[in-house]
Amino acid sequence: MIDDLLQKKPIPDDVILAADAHWMRLALAQAQQAAALGEVPVGAVAVLNGEIIGTGFNRKETDLDPMAHAEMIALRASATAVQNWRLIGVTLYCTLEPCPMCAGAMIQARLPRLVYGARDTRFGADGSVVDVLRAPEFNHRVAITSGVLEEEAAVLLQQFFQELREKRGKT
């Protein structure tokens, strides 16, 4: 695969899909950490040249910070790692479709690629509710791959909210 990259040969789709699934599993592990803290289980992993440069999981409740979304934490860590706010060459793997805030941050960071799992029918900014990531008015486009390990990501969220409803006595 490295030879293909050096010779600029296209990487086969099955290799890309396998790599996306690998990184998404690591994002799901981040989401599990959020769930363990009682946070909405969303996780993110930022990858550059085959190496993780940033990770994050939801910490809104823990940090008392409305901006402590998994994606925002991973984007900040990535910018620190590359010492640049422009995240050229970085792919962000996230278990859930980003909200408008996170989508805007991705555009601002010039993120080249986003891979996410489950759609977010309440806050999604890749067309589920609004379409921030594909808005033609912005000067940057993020390439998007959606639905990677979608079922696993959705089940994790569904289980979390079911347990939350049960704890509140609203089964």
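So, how was this worked out
- Residues numbered from 1 in each chain as written.
- Predicted model: local features only at pLDDT ≥ 70, side-chain atom pairs only at ≥ 80, totals over all residues.
- Heavy atoms only, no water.
- Helix = DSSP H or I, 4+ residues; strand = E, 2+ residues; numbered from the N terminus.
- Expected span 1.5 Å × (residues − 1).
- Buried < 20%, exposed > 50% of the residue type's maximum accessible area, 1.4 Å probe, protein only.
- Arc of directions from axis to C-beta.
- Contact = heavy atoms within 4.5 Å.
- Pairing = 2+ DSSP bridges.
- Axes fitted to C-alpha atoms, helices over the stretch in contact; angles between N-to-C directions.
- Salt bridge = Lys/Arg side-chain N within 4 Å of Asp/Glu carboxyl O.

### Considering helix α6 (residues 150-167)
Working step 1: If you check α6, its first and last C-alpha atoms are 26 Å apart, about what 18 residues at 1.5 Å a residue would give, namely 26 Å.
Working step 2: Those residues of α6 lying buried are Ala 153, Leu 156, Leu 157 and Phe 160. Buried residues of α6, viewed axially, fall in a sector of 90 degrees; they line one side. Exposed side of α6, more than 90 degrees from the buried face: Glu 151 and Gln 158 are the residues found there.
Working step 3: Along its buried surface, α6 packs onto α2 (13-36), β3 (90-96) and β4 (113-118).
Working step 4: One or two steps after α6, the chain reaches Gly 169, where phi turns positive at roughly 75 degrees.

### Side note on the sheet that holds strand β2 (residues 51-57)
Working step 1: Spatial ordering of the open sheet is given by β2-β1-β3-β4-β5, a layout of five strands whose pairing is mixed. Across the chains shown, the open sheet's two edge strands, defined by having one partner strand only, are β2 and β5 (143-146). Put simply, the sheet's adjacent strands are angled 15 degrees from each other on average, direction ignored.
Working step 2: Bridging between β3 and β4 involves five bridges; their strand directions are parallel. Each bridged residue has a counterpart across the sheet, and for Leu 92 the counterpart in β4 is Leu 114.
Working step 3: Strands β1 (43-48), β2 and β3 of the sheet are contacted by helix α4 (residues 70-82), whose axis makes an angle of about 145 degrees with β2.

### Quick look at the pattern of salt bridges
Working step 1: Counted by the stated rule, this structure contains four salt bridges.
Working step 2: With a closest N to O distance of 2.9 Å, Arg 59 and Asp 63 form a salt bridge.
Working step 3: The exposure class assigned to Arg 59 is partly exposed, which follows from its relative accessible area of 26%.
Working step 4: Its relative accessible area of 36% is what places Asp 63 among the partly exposed residues.
Working step 5: Here Arg 119 and Asp 126 are joined by a salt bridge, their closest N and O atoms 3.9 Å apart.
Working step 6: Arg 119 gets classed as partly exposed once you look at its relative accessible area, which sits at 38%.
Working step 7: Given a relative accessible area of 4%, Asp 126 falls into the buried group.

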